[in-house]
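Each chain, written out:
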Amino acid sequence: MNKRWTIDKIKEFVENNSESKLLTTEYHGFSQKLLFKCSCGSNFEKTFKKFKDNHQRKCDECQPPKTSR
């Protein structure tokens, strides 16, 4: 069964599972990029799916993208 994510549930997930903060105030679906503030102070954008499933929970400076195979 698919879980329906709301902006409040996403905000709670971000607070409980990372040092980043969610800045976006509306959620329109899984393909939408959300704006986050990293613990270093930088802002970055990721889809919630990448944030949640791929553990991309920091900006590119604190957590550089993985190199492709």
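Residues numbered from 1 in each chain as written. Predicted model: local features only at pLDDT ≥ 70, side-chain atom pairs only at ≥ 80, totals over all residues. Heavy atoms only, no water.

### Overview of helix 1 (residues 7–17)
Condition: Relative accessible area decides the class of each residue, using a 1.4 Å probe on protein chains only: under 20% of the type maximum gives buried, over 50% gives exposed, and in between gives partly exposed. Numbering of helices and strands runs from the N terminus, with a helix taken as a DSSP run of H or I at least four residues long and a strand as a DSSP run of E at least two residues long. In this description, the arc belongs to the directions extending from the helix axis to the C-beta atoms. Two residues form a contact once any of their heavy atoms are found within 4.5 Å.
Every buried residue belonging to helix 1 is among I7, I10, F13 and V14, and all of these are buried. The buried residues of helix 1 occupy an angular sector of 120° when projected down its axis, which confines them to one face. Away from its buried face, by an angle of more than 90 degrees, helix 1 presents the exposed residues D8, E15 and N16. In this structure, the buried side of helix 1 is in contact with strand 1 (21–22), strand 2 (33–37) and helix 2 (48–53).

### Concerning the sheet that holds strand 3 (residues 43–47)
What counts, and what does not: The criterion for strand pairing is that DSSP finds at least two bridges linking the strands in question.
Here 3 strands make up an open sheet; going across it, the order is 1-2-3 and the pairing antiparallel. Where the open sheet ends on each side, the last strands, each with one partner, are strand 1 and strand 3. Of the strand pairs in this sheet, strand 2 and strand 3 are connected by 5 bridges, and their pairing is antiparallel. Across the sheet, the residue bridging to K33 is T47, located in strand 3.

### Details of the side chain of Q32
The condition that has to hold: Under the rule applied, a polar contact is a pair of N or O atoms within 3.5 Å (in protein, one hydrogen donor and one hydrogen acceptor; residues adjacent in sequence only if both atoms are side-chain atoms).
Checked against the element boundaries, Q32 lands in the loop between strand 1 and strand 2. Judged by its relative accessible area of 18%, Q32 is buried. A polar contact of 3.1 Å, which involves the side chain of Q32, links it to the backbone oxygen of E26. Within the local environment of Q32, its side chain forms a polar contact with the backbone nitrogen of H28, the two atoms lying 2.5 Å apart.

### Some thoughts on the nonpolar core
The tendency in soluble globular proteins is for nonpolar side chains to be buried as a group. As a reminder, the rule being used: Only buried residues count toward a nonpolar core. Its members are Ala, Val, Leu, Ile, Met, Phe, Trp, Tyr and Cys residues joined through side-chain atoms within 4.5 Å.
By size, the foremost hydrophobic cluster in this structure holds 12 residues: I7, I10, F13, V14, L22, L34, F36, C38, F44, F48, F51 and C59. Among the elements that make up this core, the one with the highest residue count is helix 1 (4 residues). Discounting chain neighbours no more than four positions away, the residues touching F51 are F13, V14, S18, F36, F44, Q56 and R57.

### Remarks on the pattern of salt bridges
What counts, and what does not: What counts as a salt bridge is simple: a side-chain nitrogen of Lys or Arg found within 4 Å of a carboxyl oxygen of Asp or Glu.
Applying the stated criterion across every chain yields a total of 3 salt bridges. D60 is paired through a salt bridge with K46; the nearest N and O atoms lie 3.5 Å apart. Taken together, the residues span a long stretch of sequence, with D60 in the segment after helix 2 and K46 in strand 3 at a distance of 14 residues. One network of salt bridges, in which partners are shared, links K49, K52 and D53.

Nothing here speaks to function; it is geometry throughout.
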